[in-house]
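For reference, the chains in residue letters:
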Amino acid sequence: MKPAQVDAYLRRIGVTHPAWPTADVLRELQLRHLMTVPFENLSIHLGEEITLKEGRLLDKLVGARRGGFCYELNGAFGALLKALGFDVTLLAGRVYGKEEQLGIPYDHLALRVRTVDGGDWLADVGFGAHSHYPLAFGERGEQVDPAGTFRVIVAGADPAGVRGTAGQFGDLEVVRDGRSQYRLEARPRVLGDFVAGAWWHSTSPASHFTQSLVCSRVTEDGGRITLSGRALTVTGPDGGKEVVDLASDEEVLEAYREKFGIVLERVPVVRKSGD
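Each value, and the rule that gives it
Residues numbered from 1 in each chain as written. Predicted model: local features only at pLDDT ≥ 70, side-chain atom pairs only at ≥ 80, totals over all residues. Heavy atoms only, no water. Domains from an automatic or database assignment. Buried area = accessible area lost by both parts, 1.4 Å probe. Salt bridge = Lys/Arg side-chain N within 4 Å of Asp/Glu carboxyl O. Polar contact = N/O pair within 3.5 Å; in protein donor to acceptor, adjacent residues only side chain to side chain. Buried < 20%, exposed > 50% of the residue type's maximum accessible area, 1.4 Å probe, protein only. Helix = DSSP H or I, 4+ residues; strand = E, 2+ residues; numbered from the N terminus. Pairing = 2+ DSSP bridges. Contact = heavy atoms within 4.5 Å. Expected span 1.5 Å × (residues − 1).

### Examining the domain arrangement of the protein chain
- Here the protein chain is described as being made up of domain 1 (3–197) and domain 2 (207–260).
- In this assembly, domain 1 packs against domain 2 so that about 1,400 Å² is buried in total across both faces, 65% of it on carbon and sulfur atoms.
- Counting every contact that joins domain 1 to domain 2 gives zero salt bridges.
- Our count for the domain 1 to domain 2 interface comes out at nine residue pairs in polar contact (both at pLDDT 80 or more).

### A few points about the pattern of salt bridges
- This model, assessed by the stated rule, comprises eleven salt bridges.
- Linking Arg189 and Glu185 is a salt bridge whose minimum nitrogen-to-oxygen distance equals 3.0 Å.
- For Glu185, a relative accessible area of 26% puts it in the partly exposed group.
- As a salt-bridge pair, Asp249 and Arg230 come within 2.3 Å of each other at their nearest N and O atoms. Of this pair, Asp249 sits in helix H8 (residues 249–260) while Arg230 sits in the loop between strand S11 (224–228) and strand S12 (231–235), placing them 19 residues apart in sequence.
- A relative accessible area of 37% places Asp249 in the partly exposed class.
- Where salt bridges share partners, they join Glu40, Glu48 and Arg66 into one cluster.

### Quick word on the sheet that holds strand S10 (residues 215–218)
- With antiparallel pairing, the five strands of this open sheet are ordered in space as S1-S10-S11-S12-S13. Strands with a single pairing partner mark the edges of an open sheet, and in this sheet they are strand S1 (39–40) and strand S13 (241–245).
- Pairing of S11 with S12 involves five bridges; the strand directions are antiparallel. For Thr226, the partnering residue across the bridge sits in S12 and is Thr233.

### Re the side chain of His132
- Structurally, His132 can be placed in the loop between strand S4 (120–123) and strand S5 (135–136).
- For His132, the contacting residues outside a window of four places in its chain are Gln30, Leu31, Leu34, Asp145, Pro146, Ala147, Val218 and Gly222.

### Overview of helix H2 (residues 23–36)
- Helix length check: H2 (14 residues) gives 20 Å between terminal C-alpha atoms against 20 Å at 1.5 Å per residue, within 8%.
- With ten of its 14 residues buried, H2 lies for the most part within the structure.
- Next to the buried residues of H2 lie helix H1 (3–13), helix H5 (70–83), strand S3 (108–114), S4 and S10.

### Section: the pairing of strand S8 (residues 172–176)
- Within S8, four of the five residues are buried, which leaves it mostly tucked inside the rest of the structure.
- Relative to strand S9 (residues 179–184), S8 runs antiparallel, the two sharing five bridges. Residue pairing for S9: Glu173 is matched across the bridge by Arg183.
- A loop of two residues connects S8 with S9, the two strands running antiparallel in sequence, and Asp177 in this loop sits at a positive phi of about 50 degrees.

### Here's the deal with the sheet that holds S4
- Judged by pairing direction, the sheet is antiparallel, and its eight strands sit side by side in the order S5-S4-S3-S2-S9-S8-S7-S6 without closing on themselves. Among the strands making up the open sheet, the edge pair consists of S5 and strand S6 (143–145).
- Judged from the two bridges that link them, S4 and S5 form a sheet pairing that is antiparallel. Of the residues in S5, the one forming a bridge with Leu122 is Leu135.

### Re unusual backbone geometry
- Despite not being glycine, Arg65 shows a phi value in the positive range, around 55 degrees.
- Of note, Arg65 is situated in the loop between helix H4 (54–63) and H5.
- Look at Tyr106: it is not a glycine, yet its phi comes out positive at around 55 degrees.
- Mapped onto the secondary structure, Tyr106 falls in the loop between strand S2 (87–95) and S3.
- Its relative accessible area of 24% is what places Tyr106 among the partly exposed residues.

### Here we look at the environment of Leu81
- Structurally, the position occupied by Leu81 is in helix H5.
- In this structure Leu81 comes out as buried when scored by relative accessible area, which is 0%.
- Spatially, the C-alpha atom of Leu81 lies 14 Å from that of Arg12, the residues being 69 residues apart in sequence.
- Among all residues touching Leu81, those that are not within four sequence positions of it are Leu26, Leu29, Phe86, Val88, Leu111 and Val113.

### Here's the deal with the environment of Val214
- Locating Val214 in the fold gives a position in the loop between helix H7 (208–211) and S10.
- By relative accessible area, which is 19% here, Val214 ends up buried.
- Each C-alpha atom of the pair Val214 and Asn41 lies 6.0 Å from the other, and the pair is 173 residues apart in sequence.

If you want it as structure tokens, here you go:
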């Protein structure tokens with residue numbers, strides 16, 4: 001990433017150029033990213049191509065001021081962190097869905113980030129409602145965050161009976177408020193490894209991303225705002241929700257623009273299989 005691209009990215013998330021890649025800087029970068037770059041799957045329903053190449057990701061997130069899903073958000077965020085001097089490793093995860101079933105391989109992309117002050121962190125700006133701050137990668141106890149109580153633990157047996165280990169490349173489990181979120185492989189990956197997962201999630205009728213619309217970000221008070229179809233939901237930091245049904249296309253487009261900074265020419269609608 002070129003210096004001008006780094007500066008533009010930092011302006012996008014409202015952060016000044018940090019002097020050192022420390023844990024405190026990482027915490028600020030993750031929170032600001034969650035507050036300014038939405039988790040969204042609009043490209044799937046607008047017929048836009050999703051490409052996991054650094055230049056294209058920066059064009060979308062920084063140039064077009066859009067968001068994306070995990071591969072795009074964590075792919076771009078990882079590139080920014082590397083450019084700022086952090087030691088970044090891409091990790092693959094499988095998300096727990098209905099009935100605690102694991103998703104496909106390369107279902108999720110997360111980041112392991114090491115800082116100059118000795119920190120070793122799990123950073124994730126691409127899981128929707130998740131921790132506001134990085135989680136300590138080697139800590140196995142509870143980690144309290146504004147979004148809940150998290151744990152990063154050695155994984156139990158997967159459906160094939162394979163258990164995690166405490167070794168270098170053993171599987172880990174990311175748990176939020178007692179519920180498993182995703183199973184994480186500790187083996188390093190590259191962005192190209194996730195192309196098949198991104199393709200599946202953006203094309204398969206079985207993917208929840210092709211079945212619904214979502215655009216969501218953390219709010220300044222620590223809550224969350226989400227636009228799903230025509231339903232605009234504001235969740236307070238205490239968990240209370242207010243839902244407003246937007247009646248017209250103009251209201252929907254205004255919500256995307258005013259609440260998420262996304263300017264669209266038309267309202268995205270869920271694309272039916274074969275469209």
